[in-house]
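Letter by letter, the chains look like this.
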Amino acid sequence: MFTAGAVEIEPTHQHCTHRTSVTPASFSRLLSSNPSCSFTLCLAFMKQAGNETADLVLRRLDEQYQKYKFMELNLSQKKRRLKSQIPEIKQTLEILRHMQKKKDSTDPMETRFLLADNLYAKASIAPTDKVCLWLGANVMLEYDIDEAQALLEKNLSTATRNLEGLEEDLDFLRDQFTTTEVNMARVYNWDVKRRSSEAASKNSA
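Residues numbered from 1 in each chain as written. Predicted model: local features only at pLDDT ≥ 70, side-chain atom pairs only at ≥ 80, totals over all residues. Heavy atoms only, no water.

- Going by an unreviewed UniProt entry, the chain carries the name Prefoldin subunit 3 and comes from Callorhinchus milii.
- UniProt annotates the chain under Subunit (unreviewed entry) with the comment "Heterohexamer of two PFD-alpha type and four PFD-beta type subunits. Binds to the C-terminal part of VHL."
- Quoted verbatim from the Sequence similarities (unreviewed entry) field of UniProt, the annotation for the chain is "Belongs to the prefoldin subunit alpha family." (UniProt positions renumbered as here; feature names shortened; annotations may be inferred.)

This is the structure in structure tokens:
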């Protein structure tokens, strides 16, 4: 689509809304009901209030594990979106830089635009210093090429930074998976050993 001599360019900053990165240091503060877990020393741990039985502790650890899995799913979805958006932003910036070079020329610019999936049409565009960017919700705004380029460069920087933050969050979650799994195994093994000791004591009596 071409409007008023401007090229419609997608994606725009709607795809790069700022995300507050949750770093490993702040993760437990954010999830006060689901703090980061530490390795369990079974004997001392099982004597604490609320840890009356191994089944109760295992159930609580499993709930914590499922919360981590849910968070991993959400973060993985965000990561996939960002990984698809970053190449699109880079491609759009390349188009803008090409238009920047051609804006003072008198020769029209030959291009193709998308009509439908895998269907393109040729177009001839007169030199222009204006472009239109999608904002989302069927809203498009006109920008100077310089403004559009600055906006997309900022969005690219934000998206790249957010992707790095997501990688850190996912690494932190993987550590929590390992720690929780080890804790569950320790509690289970402790309970098996406790039951064996009790059975041996009864038999000896």
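That shown, we press on.
## What about the pattern of salt bridges?
Phase 1 of the analysis: What the rule picks out here adds up to 8 salt bridges.
Phase 2 of the analysis: Asp144 serves as the salt-bridge partner of Lys130, at 2.3 Å between the closest nitrogen and oxygen. With Lys130 in strand β5 (residues 130–136) and Asp144 in strand β6 (residues 139–144), this pair connects stretches of sequence that are 14 residues apart.
Phase 3 of the analysis: Take Lys130: its relative accessible area is 28%, and that puts it in the partly exposed class.
Phase 4 of the analysis: When its relative accessible area of 26% is taken as the criterion, Asp144 is described as partly exposed.
Phase 5 of the analysis: Residue Asp191 pairs with Arg195 through a salt bridge whose shortest N-O separation is 3.1 Å. With Asp191 and Arg195 both in helix α4 (residues 145–204), this residue pair falls 4 residues apart, about one helical turn. (Salt bridge = Lys/Arg side-chain N within 4 Å of Asp/Glu carboxyl O. Helix = DSSP H or I, 4+ residues; strand = E, 2+ residues; numbered from the N terminus. Buried < 20%, exposed > 50% of the residue type's maximum accessible area, 1.4 Å probe, protein only.)

## Concerning the packing of aromatic side chains
Phase 1 of the analysis: Applying the stated criterion to the full structure yields 2 aromatic pairs.
Phase 2 of the analysis: Ring plane angle 55° and centroid distance 5.5 Å describe the contact between Tyr65 and Phe177, whose orientation is recorded as tilted. Taken together, the residues span a long stretch of sequence, with Tyr65 in helix α3 (residues 54–102) and Phe177 in helix α4 at a distance of 112 residues. Each member of the pair, Tyr65 together with Phe177, is buried.
Phase 3 of the analysis: With a centroid separation of 6.4 Å and 80° between ring planes, the pair formed by Tyr68 and Phe177 is classed as edge-to-face. Placement of the pair is Tyr68 in helix α3 and Phe177 in helix α4, with a sequence separation of 109 residues.
Phase 4 of the analysis: By relative accessible area, Tyr68 is classed as buried at 1%. (Phe/Tyr/Trp six-rings, centres within 6.5 Å; stacked < 30°, edge-to-face > 60°.)

## Here we look at the UniProt feature "coiled-coil region" (unreviewed entry) in the chain
Phase 1 of the analysis: The positions UniProt marks with the feature "coiled-coil region" (unreviewed entry) are residues 149–183.
Phase 2 of the analysis: This span, residues 149–183, is 100% helix and 0% strand, and a straight line between its end C-alpha atoms measures 51 Å.

## A closer look at the side chain of Thr128
Phase 1 of the analysis: Within the secondary structure, Thr128 sits in the loop between β4 (119–125) and β5.
Phase 2 of the analysis: Polar side-chain contacts of Thr128 include one of 3.0 Å to the backbone nitrogen of Lys130. (Polar contact = N/O pair within 3.5 Å; in protein donor to acceptor, adjacent residues only side chain to side chain.)

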